[in-house]
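# Examination of the molecular architecture
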Amino acid sequence: MKTTASHFNFAFSFLLMLSACLYALSSHAAAKGEYIQLNDISMYVEQYGKGDPIIFLHGGMGSANSWADQVSVFAKNYRVITPDSRGQARSSDSAEPLTYHLMAEDIIRLMDKLSLPSAYIVGWSDGGNIAIDLAIHHPDRVKKFVAYGANINPAGLQKHFMDYLRTVSPEQMEHDNGSDFLALSPHPENLPIIAKKIRQMWLAEPNFTTAELAKITTPALIMDGQEEELIRPDHAREIAAAIPNAKLVMLPNVGHYALFKTPEQWNQAVLSFIKAH
């Protein structure tokens, strides 16, 4: 098969993601996790530190371990909460199709279980999409939110990523995205099921409307890297322009995986926003 430049770039970006995930798995601090029953699933959650709560939401097929370079920094002054999203890593799944809104409602149920009236929400990739959904549907529960590498519709994905999703085999999808699941899940044999669900979700969602985004009142930080590999480079600007008073930060010399590749820069941008009045 002839390898095009776009195929090469996409394969390279996934190698970056895989190496980042493996790094997170190997360097993560001793887990302080528990399983919390949320209606139809059991969610794995880790908590660190004390203070105002910050919930960190990982990207698709990731895990709480994605935040290895953030936990110790933020836990100095905040209560850091890092769940595994439904069906991913250590959290169980249900028969329901996977949607961003369903995962957002899981976070509300988690907050109820933890007796949290509100929290800061920090999301990366799929986690950023969940953060936006929360700001739309539960503004009273979100103090501020950060969305890094998020998209508001499938058209926000780069063409080579969409082409990949339309044509990738289930086996290749599992290979490209399954490192956290295989390392952490008590049922690694379920990887094909969650990979299929996530592929279907990425192809069809999210579909936030301009009217929904225009009604967001929660302080928002929309972030991405100037060398973004998966999301259209101009898409973060579209998102920030659609949300009233949203702050936009584009990190230089990095792409979708800045929280792994340049964590000091990423952490400082998020901390500055959360601390600002």
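Being a predicted model, the structure only gives us computed values, none of them experimental.

The rules we used
The residue count restarts for each chain, going from 1 along the sequence in the order it is written. Local features in this predicted model are restricted to residues whose pLDDT is 70 or higher, and side-chain atom pairs enter the listing and the counts only when it is 80 or higher, whereas totals over whole chains, interfaces and linings include all residues. Processing note: side-chain calculations cover all non-hydrogen atoms of the structure and skip hydrogens and water entirely. To obtain an axis, a line is fitted to C-alpha atoms, over the contacting stretch when the element is a helix, and the angle between two such axes runs from 0 to 180 degrees between their N-to-C directions. Each helix corresponds to a stretch of at least 4 residues labelled H or I by DSSP, and each strand to a stretch of at least 2 residues labelled E; elements are numbered beginning at the N terminus. Orientation categories follow fixed angle ranges, with anything under 35 degrees roughly parallel, anything over 145 roughly antiparallel, 65 to 115 roughly perpendicular, and all other angles oblique. Working rule for handedness: look at the near helix, and if it is turned counterclockwise from the far one by less than a right angle, call the crossing left-handed; if clockwise, right-handed. Any pair of residues with heavy atoms lying within 4.5 Å of one another is described as a contacting pair. Under the scheme applied, nonpolar residues are Ala, Val, Leu, Ile, Met, Phe, Trp, Tyr, Cys and Pro; charged residues are Asp, Glu, Lys and Arg; polar residues are all the others, including Gly. Centres within 6.5 Å make a pair out of two Phe, Tyr or Trp rings, where for Trp the six-membered ring is used; the pair is then stacked when the planes are under 30 degrees apart, edge-to-face when over 60, and tilted otherwise. Partly exposed describes any residue whose relative accessible area lies between the buried limit of under 20% and the exposed limit of over 50%, with all areas from a 1.4 Å probe on protein chains only and scaled to the type maximum. Paired strands are those between which DSSP finds at least two bridges. Basic side-chain nitrogens of Lys or Arg form a salt bridge, by our definition, when they fall within 4 Å of a carboxyl oxygen of Asp or Glu. The definition of a polar contact used here is a pair of N or O atoms within 3.5 Å, where within protein one atom must be able to donate a hydrogen and the other to accept one, and adjacent residues in sequence count solely through side-chain atom pairs. Grouping buried Ala, Val, Leu, Ile, Met, Phe, Trp, Tyr and Cys residues that are joined through side-chain atoms within 4.5 Å yields what is termed a nonpolar core. Only four residue types enter the tally: Lys and Arg on the positive side, Asp and Glu on the negative side; His and the chain ends are excluded. Given the number of residues in a helix, its expected span is that number minus one, multiplied by 1.5 Å.

### As for the packing of helix H5 (residues 159-167) against helix H8 (residues 191-204)
To characterise two packed helices, one gives the angle between the axes of the helices and the distance between these axes. Interhelical geometry of H5 versus H8 gives an angle of 135 degrees and a closest axis separation of 10 Å. Comparing their axes, H8 and H5 come out oblique. Crossing handedness for the pair H5 and H8: left-handed. Between H5, through Phe161, Met162, Leu165, Arg166 and Thr167, and H8, the contact on the second element is made entirely by Arg199, Trp202 and Leu203. Partitioned by chemical class, the residues of the contact of H5 with H8 number five nonpolar, one polar and two charged.

### Remarks on the packing of aromatic side chains
Under the defined criterion, the tally for this structure stands at 10 aromatic pairs. Relative to Tyr44, the ring of Tyr35 has its centre 5.3 Å away and its plane inclined at 65 degrees; by these criteria the two rings are edge-to-face. Among the residues examined, Tyr35 registers a relative accessible area of 46% and is labelled partly exposed. Between the aromatic rings of Phe56 and Trp67, the centroid separation amounts to 4.9 Å while the plane-to-plane angle is 55 degrees, which identifies the pairing as tilted.

### With respect to the sheet that holds strand S4 (residues 79-83)
The mixed open sheet is built from eight strands, whose spatial order is S1-S2-S4-S3-S5-S6-S7-S8. Strands with a single pairing partner mark the edges of an open sheet, and in this sheet they are strand S1 (33-38) and strand S8 (247-251). Looking at each pair of strands side by side, their axes are set apart by 20 degrees on average, direction ignored. In this sheet, strand S6 (residues 142-148) lies alongside strand S5 (residues 119-124) in parallel orientation, the contact comprising five bridges. Bridge pairing in S6 places Ala119 opposite Val142. The strands that helix H4 (residues 126-137) touches are strand S3 (53-57), S5 and S6; relative to S6, the one it contacts most, it runs at about 145 degrees. Where helix H10 (residues 235-242) meets the sheet, it contacts strand S7 (220-225) and S8, and its direction lies at approximately 165 degrees from that of S8.

### Topic: the pattern of salt bridges
Per the stated rule, a full pass over the model turns up 11 salt bridges. As a salt-bridge pair, Arg86 and Asp40 come within 2.9 Å of each other at their nearest N and O atoms. In this pair, Arg86 sits in the loop between S4 and helix H3 (100-113) while Asp40 sits in the loop between S1 and strand S2 (41-48), placing the two residues 46 residues apart along the sequence. Owing to a relative accessible area of 1%, Arg86 belongs among the buried residues under this scheme. A salt bridge links Lys197 to Asp93; the nearest nitrogen and oxygen atoms lie 2.9 Å apart.

### Re the environment of Ser185
Considering the arrangement of structural elements, one finds Ser185 in the loop between helix H7 (179-184) and H8. C-alpha of Ser185 to C-alpha of Ser91: the two residues are 94 residues apart in sequence and 7.6 Å apart in space. Those residues in contact with Ser185 that sit more than four places away from it in its chain are Ala89 and Asp180. In this structure the side chain of Ser185 is engaged in a polar contact, spanning 3.0 Å, whose partner is the backbone nitrogen of His187.

### A word on the nonpolar core
Ile132, Phe145, Met223 and Trp266 are the most contacted members of the largest nonpolar core, which has 88 residues in total. Here this core takes seven residues from H3, the largest share from any one element. For Ile132, the residues in contact, after removing those within four places along its chain, are Phe145, Ala147, Ala150, Ile152, Phe208, Leu213, Ile216 and Ile239.

### Let's talk about the side chain of Asp133
Tracing the chain through its elements places Asp133 in helix H4. Summary of buried charges: Asp133 has no salt-bridge partner, and the nearest side chain of opposite charge, Arg109, is 10 Å away. Not counting chain neighbours up to four residues away, the residues in contact with Asp133 comprise Tyr100, His101, Ala104, His138 and Phe208.

### Topic: H4
Across its 12 residues, H4 extends 17 Å between first and last C-alpha, which sits within 8% of the 16 Å expected from 1.5 Å per residue. Within H4, 11 of the 12 residues are buried, which leaves it mostly tucked inside the rest of the structure. Every buried residue belonging to H4 is among Asp126, Gly127, Gly128, Asn129, Ile130, Ala131, Ile132, Asp133, Leu134, Ala135 and Ile136, and all of these are buried.

### Looking at the packing of helix H6 (residues 170-177) against H8
Following both chains from N to C, one finds H6 and H8 inclined at 95 degrees, their axes separated by 9 Å at the closest point. Between H6 and H8, the crossing angle belongs to the class labelled roughly perpendicular. Residue-level contacts link Met173, Glu174 and Asn177 of H6 to Leu191, Pro192, Ala195, Ile198, Arg199 and Trp202 of H8. Considering only residue class, the contact of H6 with H8 consists of six nonpolar, one polar and two charged.

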